[in-house]
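The residues making up each chain are set out below.
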Amino acid sequence: MTTAPSTTTDEAPQPATPAPSKSSWAPLRPLVLRLHFYAGVLAAPFLLVAAVTGLLYAASFQAEKIVYDHELTVPVGERKLPISEQVAAARKAHPEGTISAVRPSPEADATTRVMLSGVPGLDEGHALAVFVDPYTAKVRGSLEQYGSTGALPLRTWIDEFHRDLHLGESGRLYSELAASWLWVISAGGLVLWFSRRRALRKVRGTNGRRRTLGLHGSVGVWAAAGFFFLSATGLTWSAYAGASIDELRTSLGHATPSVSAAAAGGEHAGHGSAAGQAGDAAHGVGLDKVLAAARAEGLGDPVEIVPPADATSAYVVKQVQRSWPEKQDSVAIDPASGEVMDVLRFADYPVLAKLTRWGIDLHTGILFGLANQIVLMLLTLSLVLLIVWGYRMWWQRGRGSAFGRPIPRGAWQQVPPQILVPLLAGVAVLGYFLPLFGIPLAAFLAVDILLGEIAHRRGRRSYGAGTPSR
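Residues numbered from 1 in each chain as written. Predicted model: local features only at pLDDT ≥ 70, side-chain atom pairs only at ≥ 80, totals over all residues. Heavy atoms only, no water.

Identification of the chain as PepSY domain-containing protein from Streptomyces violaceus is taken from an unreviewed UniProt entry.

Below you can see the structure in the form of structure tokens.
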């Protein structure tokens, strides 16, 4: 919920305020308060970058339509040309590289995309998208494209900035750390907010730090569910936690399936090579018959046609609609005969594979289109405000020239063993599966213990056997 300390003077551990729930909650509250305080202070910079770049990414879908309108749209004509003619026009204009996929015009005013891989000058994993008018076969331009959603240069740049700050694999650690801690800080903030006396939660009629806390907590409570969702879905394709999640899904038999692209054997094997090379869109029976066979299996627009990778592979035609309702059916088609060899329906996906697909598309703002993107922008904006309010409360908590007076140490010593031991075990398990939660937490604890010991030794020298005032 929150990304920086949400503590007030009255939130500091109270030595003599027994409550009916003292046996269960009272010992834990100071521990949650301290964790929330320091997690917010230390993780907030990473969350702020993730929030700002996420806000830009949510807006990039609509910006892309405006910036690349010439390439993406065409005047509606009378009849679309065969897909093979459109691809031939694209290859005439751009003979470099090989055809990696073709996306026929999905709407009346949309262009056809012909994706070329192996083009000199492109980043690894990127393709050159050639945009063709489906009515005239005129090439309207070409742009670098990335990912299964067909991101063009503007959205690709923002996407990579949000994911790894343009630093490559090492840069992904920042976004995984942010996702690993967002749910922890949100949960801690929720617990602290609802454990406060109702009279202390109001915003109206308050000022100073009390008002900042009220705004911080109220907005955080309303946005908490969204933060939990963003954290969970963000972790699904992170570097380390994502790998653990994939392993878990695979072990449970819920990995995302794929259609078999192995071509038919026997007399059909290799027959398609006479019509073109592997990876060429003219391979075997050609694109027009392949697309017709996929249509006969019920694959409506938008679809993507992937040519055979080699002489023993089949064409793969798959639906690529990520908006609701999702269209993710796919078929494999023999390049020699044009017959459908394998069919995979999205309805037959394992439950966790479906949930992962829906979660990622909702996280990226695709599932419900513009409404989805607006909600994401509101969530990221609320996260920015919470961070600002959190740091402001830290400033307001200082005394005189002191900035950010911390929460006193020793909260864990007040927690009964029957609660502390299971709690530590749970944290250890989470830290194993979420290393960018576990490692920073362990580092913080080590530094905090060391600083506490130093302060204790200095206090003994200054105050004798008495306990130093902190």
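> If you had to explain the overall build of the chain to someone new, which residues and values would you point to?
For the chain, the helix and strand inventory stands at twelve helices and eight strands. Burial statistics for the chain: of 470 residues in total, 46% are counted as buried. Partitioning the intrachain contacts of the chain with sequence separation of at least 6 by distance along the chain shows that 64% fall at a separation of at least 24. Taken as a whole, the chain presents about 23,200 Å² of accessible surface, with 63% of it coming from carbon and sulfur. (Helix = DSSP H or I, 4+ residues; strand = E, 2+ residues; numbered from the N terminus. Buried < 20%, exposed > 50% of the residue type's maximum accessible area, 1.4 Å probe, protein only. Contact = heavy atoms within 4.5 Å. Areas by Shrake-Rupley, 256 points an atom, 1.4 Å probe, with all protein chains shown as cover.)

> Can you lay out the pattern of salt bridges for me, pointing to particular residues and giving the numbers?
For the structure shown, the criterion picks out eleven salt bridges. A salt bridge links Arg322 to Asp361, with the nearest nitrogen and oxygen atoms 3.5 Å apart. In this pair, Arg322 is assigned in the loop between β6 (315–319) and β7 (330–333) and Asp361 in helix α9 (residues 351–363), connecting sequence segments 39 residues apart. Across the pair, Asp361 and Arg322 agree in class, each one buried. Arg345 serves as the salt-bridge partner of Asp329, at 3.3 Å between the closest nitrogen and oxygen. (Salt bridge = Lys/Arg side-chain N within 4 Å of Asp/Glu carboxyl O.)

> Give me the UniProt feature "transmembrane region" (unreviewed entry) in the chain: which residues, what numbers.
As annotated by UniProt and renumbered to match this structure, "transmembrane region" (unreviewed entry) occupies residues 35–58, 173–195, 215–240, 366–391 and 419–451. The straight-line gap between the two end C-alpha atoms of residues 35–58 is 31 Å; of that span, 100% is helix and 0% is strand. (UniProt positions renumbered as here; feature names shortened; annotations may be inferred.)

> Talk me through the confidence of the model for the chain; I want residue IDs and the actual numbers.
Here the chain averages 86 in pLDDT, and 82% of its residues register 70 or above. For residues 1–21, every residue scores under 50 in pLDDT, and the model assigns this stretch 69 contacts once sequence neighbours within four places are set aside. A low-confidence stretch, residues 266–278 stays under pLDDT 50, and its non-local contacts, those more than four residues away or across chains, total 21 contacts. (pLDDT = per-residue confidence, 0-100.)

> Go over the packing of aromatic side chains with me, naming the residues and quoting the values.
Where two aromatic rings form a pair, the distance of their centres and the angle of their planes describe that pair. Applying the stated criterion across every chain yields a total of 13 aromatic pairs. With 6.0 Å between their ring centres and 40° between their planes, Tyr391 and Trp394 make a pair best called tilted. With Tyr391 and Trp394 both in helix α10 (residues 369–397) and three residues apart, the pair spans about one turn of that helix. Following the ring pairs from residue to residue traces out a cluster consisting of Phe37, Tyr38, Tyr391, Trp394 and Phe444. (Phe/Tyr/Trp six-rings, centres within 6.5 Å; stacked < 30°, edge-to-face > 60°.)

> Residue-level account of α9, with values.
Taking 1.5 Å as the rise per residue, α9 with 13 residues should run 18 Å; its terminal C-alpha atoms sit 18 Å apart, in good agreement. The complete set of buried residues in α9 reads Ala353, Lys354, Thr356, Arg357, Gly359, Ile360, Asp361 and His363. Next to the buried residues of α9 lie α6 (208–236), α7 (241–251) and α10. Gly365 lies just past α9 and shows a positive phi near 85°. (Expected span 1.5 Å × (residues − 1).)

> So what's going on with the side chain of Glu71? Which residues, and what values?
With respect to the element layout, Glu71 can be found in helix α2 (residues 69–72). What Glu71 contacts, discounting residues up to four positions off in sequence, is Thr111, Phe131, Arg140, Gly141 and Leu143.

> Kindly report on the side chain of His363, identifying the contributing residues and their values.
You can see His363 is positioned in helix α9. For His363, a relative accessible area of 16% puts it in the buried group. Polar side-chain contacts of His363 include one of 2.7 Å to the side chain of Thr233. Other than its neighbours up to four places away in sequence, His363 contacts Phe229, Leu230, Thr233, Gly234, Trp237 and Leu376. (Polar contact = N/O pair within 3.5 Å; in protein donor to acceptor, adjacent residues only side chain to side chain.)

> Tell me about a nonpolar patch on the surface, and name the residues and values.
Together, Val447, Leu450, Leu451 and Ile454 give the surface a local cluster of nonpolar side chains, amounting to about 340 Å² of exposed area. On the secondary structure map, Leu450 appears in helix α12 (residues 435–463). For Leu450, a relative accessible area of 53% corresponds to the exposed category. (Patch = residues over 30% accessible without salt bridge, like charges linked within 9 Å, V, L, I, M, F, W, Y side chains within 5 Å.)

> Residue-level account of unusual backbone geometry, with values.
Each neighbour pair has its own omega, and for Asp301 with Pro302 the value is -5°, a cis peptide bond. Within the element layout of this structure, Pro302 appears in the loop between α8 (287–296) and β5 (303–306). In the segment running from Trp324 into Pro325, the intervening peptide bond is cis, with an omega of -5°. In this structure, Pro325 sits in the loop between β6 and β7. Backbone geometry places Leu165, a non-glycine residue, at a positive phi of 60°. In this fold, Leu165 is placed in the loop between α4 (153–164) and α5 (172–195). Of note in this structure, His166 is not a glycine but carries a positive phi near 60°. With respect to the helices and strands, the residue His166 is situated in the loop between α4 and α5.

> Tell me about the packing of α6 against α10, residues and numbers included.
The description of two helices packed together rests on the angle between their axes and the distance between the axes. Interhelical geometry of α6 versus α10 gives an angle of 145° and a closest axis separation of 8 Å. Viewed along their axes, α6 and α10 form a crossing whose handedness is left-handed. Here Gly208, Arg209, Thr212, Leu213, Leu215, His216, Val219, Gly220, Ala223, Gly226, Phe227 and Leu230 of α6 lie close against α10, whose contacting residues are Leu376, Leu379, Ser382, Leu383, Leu386, Trp389, Gly390, Arg392, Met393, Gln396 and Arg397. (Axes fitted to C-alpha atoms, helices over the stretch in contact; angles between N-to-C directions. Left-handed = near helix turned anticlockwise from the far one by under 90°.)

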